[in-house]
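Close look at the chain arrangement
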Number of protein chains: 2
Amino acid sequence: MMNPQSDSMIPDHPQSRVVISGIDPEIDLGRYPVKRLSGDRVTVSANVFCDGHDPLRVFLEVIFPGQKEWNRFPMEDRGNDRWSSSFLVGELGVVRFRIIAWIDLIVAFSDRIAKKAAAGHTEETDYAELIIEIQKAADRADPVSRTALEKWTERLSRESDPGIRLVLATDSSLVDLGGLFPDPVSVAHSREDRTILVERERAAVGAWYEFFPRNSAWGERRHATFQDAIKRLPEIRQMGFDVVYPGPVHPIGYGFRKGKNNAPECGPGDVGSPWAIGSDHGGHTAIHPDLGSIADFEAFVFEARSLGIEVAMELALQCSPDHPYVREHPGWFRMRPDGSIHYAENPPKKYQDIYPFDFHCADWKALWQEILGVLLFWGEKGIRLFRVDNPHTKPFAFWEWLLSTVRKTYPDMVFLSEAFTRPNVMYELAKIGFSQSYTYFTWRITKAELIDYVTELTTFPVKEFFRPNFWPNTPDILHDFLQRGGLPAFVIRLVLAATLSSSYGIFGPSYERCDATVLYEGGEEYLDSEKYEIRLWDPDPPVTIRETIARINGIRNQYPALHRNEGVQFLSIEEEFLLAYLKPGVNGTPDILVIVNLDPYNRREGLLSYAPFGSSGSFSMKNLMDGTISIWEGETHRVVLDPQMNSFLIFSREGDGKT
Amino acid sequence: MMNPQSDSMIPDHPQSRVVISGIDPEIDLGRYPVKRLSGDRVTVSANVFCDGHDPLRVFLEVIFPGQKEWNRFPMEDRGNDRWSSSFLVGELGVVRFRIIAWIDLIVAFSDRIAKKAAAGHTEETDYAELIIEIQKAADRADPVSRTALEKWTERLSRESDPGIRLVLATDSSLVDLGGLFPDPVSVAHSREDRTILVERERAAVGAWYEFFPRNSAWGERRHATFQDAIKRLPEIRQMGFDVVYPGPVHPIGYGFRKGKNNAPECGPGDVGSPWAIGSDHGGHTAIHPDLGSIADFEAFVFEARSLGIEVAMELALQCSPDHPYVREHPGWFRMRPDGSIHYAENPPKKYQDIYPFDFHCADWKALWQEILGVLLFWGEKGIRLFRVDNPHTKPFAFWEWLLSTVRKTYPDMVFLSEAFTRPNVMYELAKIGFSQSYTYFTWRITKAELIDYVTELTTFPVKEFFRPNFWPNTPDILHDFLQRGGLPAFVIRLVLAATLSSSYGIFGPSYERCDATVLYEGGEEYLDSEKYEIRLWDPDPPVTIRETIARINGIRNQYPALHRNEGVQFLSIEEEFLLAYLKPGVNGTPDILVIVNLDPYNRREGLLSYAPFGSSGSFSMKNLMDGTISIWEGETHRVVLDPQMNSFLIFSREGDGKT
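Quick look at the structure, then.

Quick notes on the rules
- Residues numbered from 1 in each chain as written.
- Chains lettered and ligands numbered in written order.
- Predicted model: local features only at pLDDT ≥ 70, side-chain atom pairs only at ≥ 80, totals over all residues.
- Heavy atoms only, no water.
- Helix = DSSP H or I, 4+ residues; strand = E, 2+ residues; numbered from the N terminus.
- Buried < 20%, exposed > 50% of the residue type's maximum accessible area, 1.4 Å probe, protein only.
- Contact = heavy atoms within 4.5 Å.
- Areas by Shrake-Rupley, 256 points an atom, 1.4 Å probe, with all protein chains shown as cover.
- Lys, Arg positive; Asp, Glu negative; His and termini not counted.
- Charge placed at Lys NZ, Arg CZ, Asp CG, Glu CD.
- Buried area = accessible area lost by both parts, 1.4 Å probe.
- Salt bridge = Lys/Arg side-chain N within 4 Å of Asp/Glu carboxyl O.
- Polar contact = N/O pair within 3.5 Å; in protein donor to acceptor, adjacent residues only side chain to side chain.
- Axes fitted to C-alpha atoms, helices over the stretch in contact; angles between N-to-C directions.
- Parallel < 35°, antiparallel > 145°, perpendicular 65-115°, else oblique.
- Left-handed = near helix turned anticlockwise from the far one by under 90°.
- Least-squares fit on C-alpha atoms with pLDDT ≥ 70 in both.
- Pairing = 2+ DSSP bridges.
- Expected span 1.5 Å × (residues − 1).

**As for the overall build of chain A**
Counting its secondary structure elements, chain A contains 14 helices and 31 strands. In terms of its C-alpha atoms, chain A occupies a principal-axis envelope of roughly 105 × 70 × 45 Å. Per-residue burial over chain A gives 59% buried out of 659 residues. Excluding contacts between residues fewer than 6 apart, the proportion of contacts in chain A whose partners are at least 24 apart in sequence is 74%. Accessible surface, chain A as shown: approximately 25,500 Å² in total, 50% of it carbon and sulfur. Averaged over its 70 positive side-chain charges, chain A has a centre that lies 1 Å from the centre of its 92 negative ones.

In structure tokens form, the structure reads like this:
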């Protein structure tokens, strides 16, 4: 159809009378893909209608990854012009879909004959009109259908018994067949194809454990190796984590190396920040020699995999002044007029240990291809999971190209965006292809903050493209709540992260040991941060929440309700510090009810409203931490949580609820 | 940027780093125009951001009707990546707008110098970098700006005093100028232009009065003429109406003419339905001879205009079997195989007096042009307002072409869509260019129904394209509520229509005389409907609500709050049958408060919550029906409405509210 602003000459031929609008799911009329997991059923709906009252034929057409032909699924009329259909996605990659529709005159003419016959006034001309329309369809049909349709017209023309003729004219399978061959100019198409990025489960579901391998020689103050790190894996597995993320494992530069606690100058034994990537030992495709060889890294990946743990690799696109790229490709960095390379700065602050790439340099194509090569290099070593450092400081167009290109080789590659920045920027990165993202959860502490934020993330449009990964702490962020709240604070934030988001992670061993010592009052940096020094970890810490973590991750693994974010429902509970939410079960598995006392200091008590079977129903609830089962009755339930005893409760609603 | 599904070859050149999204106002990314009135201020907002932290330059560009060049308005950063600007629309027609943005490196480099200078470590290379960037801008600039920019670089290079040099490098007007000439490849554009249809006030605001001129010889049972109809105009003006709509005024066909009360066969004196258009006296460009000549019609239009009333003409695109088109252009209708013309039908019902056009016939271009010619014909006679009959039974593409084309000649033409059909279809007609539309108001009776429907119409997205025209009755619809509720029912529905919608209308004289006689129980057709017969109207009716109508329309004219639909706020009032709403004042004019008792039978009483100045404020409210002023205090106010006395209250809040 024409836009009012466009040339209003009369169009060349009549357009289709059918309008297709309001397609769901979609982001910005198909500009960006919506995200789904392999195995998901995708339901597509749209408003499809025409002028007047003619019957429509509506199909959803889908191209699955690797295919070239449209697969056609009939859409059904759900009333009020809303049509829908669904299909399963399996193969990883980009699925395209569109909707096509036309007016089905054969149905219209057949119906008219039926209605008039019922009212007792059959007209010969109605039959003639139907026959003409069937003949037109036959002329457009494939040979087999054509034969069937021509036979139909012959019999309709020949038949003299009015009863038999009526049956023939209204034969549903023939009417159905005839409607499949519309005049092409009368077919409406949705204007832009819509796309779905289909990823594997890890794109949405996982418990992450971040630790620095160089600090994994517990009880010894030395630079540890991957061999030491391998010894940490069984405990990580016991705690129930699915992913280990060891930070950058590449050689670290010497120039402007930071000292302990981010001191501007380093001392002789200082190991530097792993994010200052590259030295004479190599760059983004090398392993830090003090951690071991590539083979040692591969052994670490292998051992992890054999325990059911996937290794996530860091992709930090920046270089230390000693990175081989600086010598080999100085044109990939921004040169200043004085001939020096532009280091990172946030005036007046200078980060002279870091050279950012200039993604728009003259030689940018080679740079982009080189980075693609880095991903392919690690892909070849079996890595399929990347945590991408500060993607928001690199061009969106670069990421969109990089991620879509590498997925042509490795469609199972999953990317976590570490973009702690403004919401529009974080959402844009998600839209252009990052599988999941860090979030503001780290700073969402109060009941209202948590409800608002989780609601935003789990409803349209954000739920269609942005998958959260909740982190209570990171090497950069020890929140004030953790600094002050003691062990209960660590438990509270762990439970919230693990049950409010299908992906979550902690930075250990600090987290499970409730390490709460901050570099300076009012800040969020750890004292003696592992980012800048070798830290001595006691093999037998006095405080640990390892068992709680293990239990929570066990529950996460057992209950699919905790693998999905959509559908979370915050329940009414009359206490400012008590947060209660229900995660709906998937495919008949139980609903999960979580209640958390957000106050790490005080006992809180409140009345929870929860009546899944109405005011008179009763149902059995299983306390998943201790295994006890109780019968709940009525609409409200008194909850008491004392951080001295326990800060949270997790229940499953078992059975059909009718006890 | 690239889509994941598109060819993922590396792009030819780096794309702009800037993303523009979330543009408001818009419908479907610019596929349809949003609607505004001449004189409106349009505020445009968008999310504009880039990777990293570089400063942006963002402009809104607008092309007004008849112009060919973009007008540029700087957009301002409102925080959180949201930018906005505004402009006034005046000239009628289609306004196009787009957003362009780029990274302003001159601002970035100038700021860096300022920040480093403040911290005390100026670097020469920062100046050099700024100078290079200014020179690049100068090379792209117009001659005048180029001279200014080159002078700037010269002075920056030459100046030896560090203080003066700093002032020069951070001169805001020069920095501002330099940023106007970015490298074209780095400029981002919003992907599709957005459009605004600018119409005159009548497109959104008007009180309509529908009547049949042939029944305007009050007290005489004869076919009246436009000369009789002219005598009705002063009273219609006294009642405060802005528009008269006389139904179709064309010759009426003889073939299959309907009799009184829609009888399938007519008697000798029967006048037929005005919607069976066309006879040997002519078709859509002719006047029914019994009403008078074209000159008589023009006299009617002239007399109305001299009273400040605009005449709305009917556009009913269908023909009686006697229409000249049937003889002259049989190809414009659908021929059946037996050689007869397809009459309208809804099997098994037949409407043999009506031939629909076949808008997709072989000769469709001539048909479309002919209909355009009909609009231009009446346009030439001064008609600028059309009530379009059943547009939903004609192709959307036809309307989109017709309306946009005729508006090239008459940009002040306004079209009311008489589409009583499903919401998607009504909304699509609004999107493709109808100025306003009939609505479901006629059947929205209860408090909840009214609140739901008015909320839908006055909020995004519907408010951007769909302008309601509320009709309590029409020649086809005498609602059960009016049939049973007596005079209070007519007053209630009038007040609701007139104050909830900036456009509304009644079908008179039935309405003001509270005519409630239905053809058959359970139906909505008037008994002895004026559609099919000459009706005798008593010049001095025993019952009339003329004065109430006049008062209500007077209030509408006086208070701009009743000329806008957006912003209506339903107030809490603790009574199921009491509806209270506030219409916000425009440009400092008073807010209007309306309270209606929806129950035409019983006295209703309830507590209204209304405290515009908080719980301790007091303010003066003027009762606009009787002119009394009272002081309101506190947060709640008792309201009692007895249909025996009065069914509604209308107040204006006068002054600044502080008494």
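**Side note on the interface of chain B and chain A**
Where interface size is quoted, it is often the accessible area lost as the parts come together. Listed per partner, the contact involves 75 residues of chain B and 75 residues of chain A. In this assembly, chain B packs against chain A so that about 7,100 Å² is buried in total across both faces, 58% of it on carbon and sulfur atoms. Inspection of the chain B/chain A interface yields 14 salt bridges. Close ionic contact of Arg 334 of chain B with Glu 129 of chain A constitutes a salt bridge, the shortest N to O distance being 2.9 Å. Taken together, the connections running from chain B to chain A amount to 24 residue pairs in polar contact (both at pLDDT 80 or more). Listed by contribution, the elements that provide at least two residues to the side of chain B that touches chain A are strand E3 (41–50), strand E8 (93–103), helix H1 (105–118), helix H2 (124–140), helix H9 (364–380), helix H10 (396–409) and helix H11 (423–431) of chain B.

**Details of the packing of H9 of chain B against H10 of chain B**
Residue and element names in this part refer to chain B. Running from N to C, H9 and H10 point in directions that differ by 40°, and their axes come no closer than 10 Å. Looking at the two axes, H9 sits oblique to H10. In terms of crossing hand, the pair formed by H9 and H10 is right-handed. Along the contact surface, H9 presents Trp 368, Gln 369, Ile 371, Leu 372, Leu 375 and Leu 376, while H10 presents Ala 397, Phe 398, Trp 401, Leu 402, Thr 405, Val 406 and Thr 409.

**Notes on the relation of the copies chain B and chain A**
The operation relating the two chain copies consists of a rotation about an axis and a shift along that axis. Taken as rigid bodies, chain B and chain A are interconverted by a rotation of 180° and an axial shift of 0.1 Å, the fit giving an RMSD of 0.1 Å. Such a combination of turn and shift is consistent with a two-fold rotation axis. Interface overlap between copies is the fraction of interface residues in one copy that are interface residues in the other; for chain B against chain A it reaches 100%, indicating a shared surface.

**Some words on the pairing of strand E30 (residues 636–641) of chain A**
All names here are of chain A. Only one face of E30 is buried, namely the one carrying His 637, Val 639 and Leu 641, since none of Thr 636, Arg 638 and Val 640 on the opposite face is buried. Pairing geometry for strand E27 (residues 604–609) and E30, over six bridges, is antiparallel. Its bridge partner being in E30, Glu 605 is matched across the sheet by Val 640.

**Points about the side chain of Asp 228 of chain A**
All names here are of chain A. Relative to the helices and strands, Asp 228 resides in helix H6 (residues 226–238). Look at Asp 228 and you get buried, because its relative accessible area is 7%. A polar atom in the side chain of Asp 228 sits 2.9 Å from the side chain of Arg 222. Once residues within four sequence positions are removed from consideration, Asp 228 is found in contact with Ser 216, Ala 217 and Arg 222.

**A closer look at helix H1 (residues 105–118) of chain A**
Relative to the 20 Å expected for 14 residues at 1.5 Å per residue, H1 of chain A spans 20 Å between its end C-alpha atoms, a close match to the ideal helical length. Looking at H1 of chain A, one finds that the buried residues are Ile 106, Ala 108, Phe 109, Ser 110, Arg 112, Ile 113 and Lys 116 of chain A. Among the structural elements, helix H2 (124–140), helix H3 (143–158), helix H4 (162–169) and helix H5 (172–178) of chain A together with strand E16 (344–346) of chain B are those in contact with the buried residues of H1 of chain A. One side-chain oxygen at the N-terminal end of H1 of chain A lies 3.2 Å from the backbone nitrogen of Ile 106 of chain A; it belongs to Asp 104 of chain A.

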